[in-house]
Amino acid sequence: MKLQVEAKLDKGFAPLAIAFRDYSQAVSKSNDKQKFVCAIERENGFSTPFVCDIFKDGVNDDQTVALFDRIIKGLLWMYGGYKIKVYGSKNIYEHLKKAYTMQGERAFDVNHMETVYEKPFEVLYFEDPSKIENPNESASSIGKHLDGCRIGFDAGGSDRKVSAVIDGEAVFSEEVVWHPKTQSNPDYHYEGILAAMKSAAEHMPRVDAIGVSSAGDFVDNEVKVASLFLKVSKEDFDKKVKTIYIDIAKEFGDVPLVVANDGDVTALAGAMNLEDGNVLGIAMGTSEAGGYVDKNMNIMGWLNELAFAPVDMNPNAMVDEWSGDYGCGVKYFSQDGVIKLAPAAGIELDAELSPAEKLKVVQKKLEENHQGAKEIFETIGVYFGYTVAYYALFYKIKHVLILGRVTSGDGGTLILNKAQEVLSKEFPELAEQIKLHIPDENSRRVGQSVAAASLPEIK
């Protein structure tokens, strides 16, 4: 695989965007090709299909199965669902059928989707493509409500941010370091969230509404899955965590509450700022959070858990400890991505430091013009340019907005400049079509909590 822009600190990087492009070009020149459809079905029969040509079964089978193993896992985490429907390749179907069981190599994915959608996971083969190739989507309006006195809370894995917002203007914002992922007692989380919201409430005459932005999956404001509560036992999770935001909101009276995935809030923040749609938001912090709003600034009901979507075909790429899989976004677009590249950049990090503290060490070195630190963020920029091109296969993108602690300071600018170079050299059509954005420093740090405040509608 030849890259026009090299990932300087990661010579083995094999972007899926190029792997798919090379494969598609080879297929287009072959007489041994066939149509392939993969549709991911989620709640209420909503379904998002992906259609392309592939080699017929019996031709380049290993290459096809290896590539589509990565692509279909990505589809599952981008769109979300509990049913993978396939047409056009029995080989791919058989591979998926074996992998996506509680005994297979995708047990983590199966367990996660069954938890979110509360349905058994299935992989189905269809003989007729017309039964699965038509999308069945549902877009819904989110946020953009600026009236009244609102609390916006952003629950990050390393810090929590809160804003008091009066008629669309933030009158107070606060950022506090915390360690939710290492705490098994849910009272730690409850008290931390409540303290943050109380500090915002003190700066307003009343509280009319509360909006929450958090990593994880939520249905009707209940927590279904969230890494913040990683250490909490299932019993305590069911008893105290599922309704944690609902319970805390009650402390402020009977006020409207909306809890949304932090990626969607990132995209919403970008759309509100740009006054335009088709925005893909990426928050690079403790993990990689993704979110998307369509041309009408509506969310699609997709999962957008890009942390678990593969971006690298290199089987020797770093494995994510949680999902047990390699080459996934979390190890490229988060503080883990920075830490991963530090040894190659000649930066030694104290093992006793937390990931957030390690990131700060690298960012301090960048301020001091350390060449290795600069190369870390440029390498992440190369990752990002190729990955934006990959995401563009599945999302209609006009704007990409990046936020999060990894983008603070000069690092964010280095990431976007390098990503722009990749798009311009490798994907000139996309470079014309997609604009890359980074908000100002203040918005980068607390923009999420301000956008979160706009989520609920005051009746």
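Quick caveat: nothing in here was measured; it's all calculated off a predicted structure. (Residues numbered from 1 in each chain as written. Predicted model: local features only at pLDDT ≥ 70, side-chain atom pairs only at ≥ 80, totals over all residues. Heavy atoms only, no water.)

Tell me about the pattern of salt bridges, and please be specific about residues and values.
Under the defined criterion, the tally for this structure stands at 34 salt bridges. A salt bridge links D154 to K161, with the nearest nitrogen and oxygen atoms 3.7 Å apart. A relative accessible area of 7% means that D154 is categorised as buried. K161 sits in the buried class, given a relative accessible area of 11%. One salt bridge connects D336 with K331, and the closest N-O pair in it is separated by 3.0 Å. Via salt bridges that share partners, D69, R70, K73, R106, D109 and D325 belong to a single interconnected network. (Salt bridge = Lys/Arg side-chain N within 4 Å of Asp/Glu carboxyl O. Buried < 20%, exposed > 50% of the residue type's maximum accessible area, 1.4 Å probe, protein only.)

With reference to specific residues and values, describe unusual backbone geometry.
In the Ramachandran plot, N44 falls in the positive-phi region, its phi being about 60° despite a non-glycine side chain. Looking at where N44 falls in the secondary structure, it is placed in the loop between strand 1 (33-41) and strand 2 (47-55). A relative accessible area of 66% places N44 in the exposed class. Positive phi outside glycine occurs at D167, with the angle close to 50°. Here D167 shows up in the loop between strand 7 (159-166) and strand 8 (169-177). D167 gets classed as exposed once you look at its relative accessible area, which sits at 56%. (Helix = DSSP H or I, 4+ residues; strand = E, 2+ residues; numbered from the N terminus.)

Describe the sheet that holds strand 4 (residues 122-125), naming the residues involved and giving the relevant values.
The sheet built from 4 strands is open, its strands ordered 2-1-3-4 with mixed pairing. Two strands in the sheet have a free side with no partner beyond their single neighbour: strand 2 and strand 4. Neighbour-to-neighbour, the strand axes of this sheet turn through a mean angle of 20°, independent of strand direction. Strand direction decides the pairing type here: strand 1 and strand 2, joined by 9 bridges, are antiparallel. Each bridged residue has a counterpart across the sheet, and for F36 the counterpart in strand 2 is C52. Taken strand by strand, helix 1 (residues 16-28) contacts strand 1 and strand 2, and its axis lies near 55° from that of strand 2. Where helix 2 (residues 61-79) meets the sheet, it contacts strand 1, strand 2 and strand 3 (83-87), and its direction lies at approximately 165° from that of strand 2. (Pairing = 2+ DSSP bridges. Axes fitted to C-alpha atoms, helices over the stretch in contact; angles between N-to-C directions. Contact = heavy atoms within 4.5 Å.)

Break down helix 11 (residues 371-391) for me, citing the residues and quoting the values.
With 21 residues, helix 11 should reach 30 Å at 1.5 Å per residue; the first-to-last C-alpha distance of 30 Å fits that figure. Summarising burial for helix 11: 18 of the 21 residues are buried, a large majority. (Expected span 1.5 Å × (residues − 1).)

Account for the packing of aromatic side chains, with residues named and values stated.
By convention here, two paired aromatic rings are described through the distance between centres and the angle between planes. Counted according to the given criterion, the structure contains 28 aromatic pairs. Judged by centre distance (4.6 Å) and plane angle (50°), the rings of W77 and F308 are tilted. One end of the pair, W77, is in helix 2; the other, F308, is in the loop between strand 15 (298-299) and helix 9 (335-341), with 231 residues separating them in the sequence. The pair W77 / F308 is uniform in exposure class, with both members buried. Where Y332 meets F333, the ring centres are 6.3 Å apart and the plane angle is 45°; that geometry is what we call tilted. (Phe/Tyr/Trp six-rings, centres within 6.5 Å; stacked < 30°, edge-to-face > 60°.)

Describe in detail the side chain of D264, supporting the description with residues and values.
Looking at where D264 falls in the secondary structure, it is placed in helix 8 (residues 262-274). It is R42 that comes nearest to the buried, bridge-free D264 among opposite-charge side chains, at 10 Å. Among the polar contacts made by the side chain of D264, one reaches the main-chain amide nitrogen of Y292 at a distance of 3.4 Å. Ignoring sequence-local partners within four residues, the contact set of D264 consists of G290, G291, Y292, I299 and N304. (Lys, Arg positive; Asp, Glu negative; His and termini not counted. Polar contact = N/O pair within 3.5 Å; in protein donor to acceptor, adjacent residues only side chain to side chain.)

Now, about the nonpolar core: what can you tell me, with residues and values included?
Counting residues in hydrophobic clusters, the biggest one holds 100 residues, and the most contacted among them are F68, I84, I376, F384, Y391 and Y395. Setting aside its immediate chain neighbours within four residues, F384 contacts I282, M284, F333, V400, I402, I415, L416 and A419. In this structure, A155, V162, I244 and I248 belong to the second largest nonpolar core, which totals 34 residues. (Core = buried A, V, L, I, M, F, W, Y, C linked by side-chain atoms within 4.5 Å.)

Describe the environment of K85, naming the residues involved and giving the relevant values.
One can find K85 in strand 3. Since its relative accessible area comes to 13%, K85 is described here as buried. For the pair K85 and F126, spaced 41 residues apart in sequence, the C-alpha separation works out to 7.0 Å. Non-local contacts of K85, meaning those with residues more than four positions away in its chain, are made with V37, C38, A39, E41, L124, F126 and I132. Of the polar contacts made by the side chain of K85, one reaches the side chain of E41; its length is 2.5 Å.

Could you give me a rundown of the layout of surface pockets, with the residues and numbers involved?
In this model, the second largest pocket occupies a volume close to 860 Å³. For the second largest pocket, the lining is made up of 31 residues, of which F218, V219, D220, V259 and I299 are closest to its centre. Put simply, the parts of the chain that give the lining of the second largest pocket at least two residues each are helix 4 (107-117), strand 5 (140-141), strand 10 (217-219) and strand 12 (257-261). In terms of residues, the lining of the second largest pocket owes the most to one element, strand 12, which gives 5 residues. Its residues assigned to classes, the lining of the second largest pocket comprises 15 nonpolar, 8 polar and 8 charged. (1 Å grid on protein atoms, 1.4 Å probe; cavity = no way out; pocket = protein on both sides within 12 Å on 5 of 7 lines; lining within 4 Å. Points joined across faces, edges and corners; volume = space filled by probe spheres on them. Nonpolar A, V, L, I, M, F, W, Y, C, P; charged D, E, K, R; others polar.)

I'd like to hear about the sheet that holds strand 16 (residues 399-403), residue by residue, with values.
On the basis of which strands lie adjacent, the open sheet formed by 4 strands has the order 14-13-16-17 and mixed pairing. For this open sheet the edge positions go to strand 14 (288-293) and strand 17 (435-437), each flanked by a neighbour on one side alone. For this sheet, the mean inter-axis angle between neighbouring strands, taken without regard to orientation, is 15°. Relative to strand 16, strand 13 (residues 279-284) runs parallel, the two being bridged by 5 bridges. Paired with V279 across the bridge in strand 16 is H399. In the packing of helix 8 onto the sheet, the strands contacted are strand 13, strand 14, strand 16 and strand 17, and the crossing angle to strand 14 comes to about 50°.

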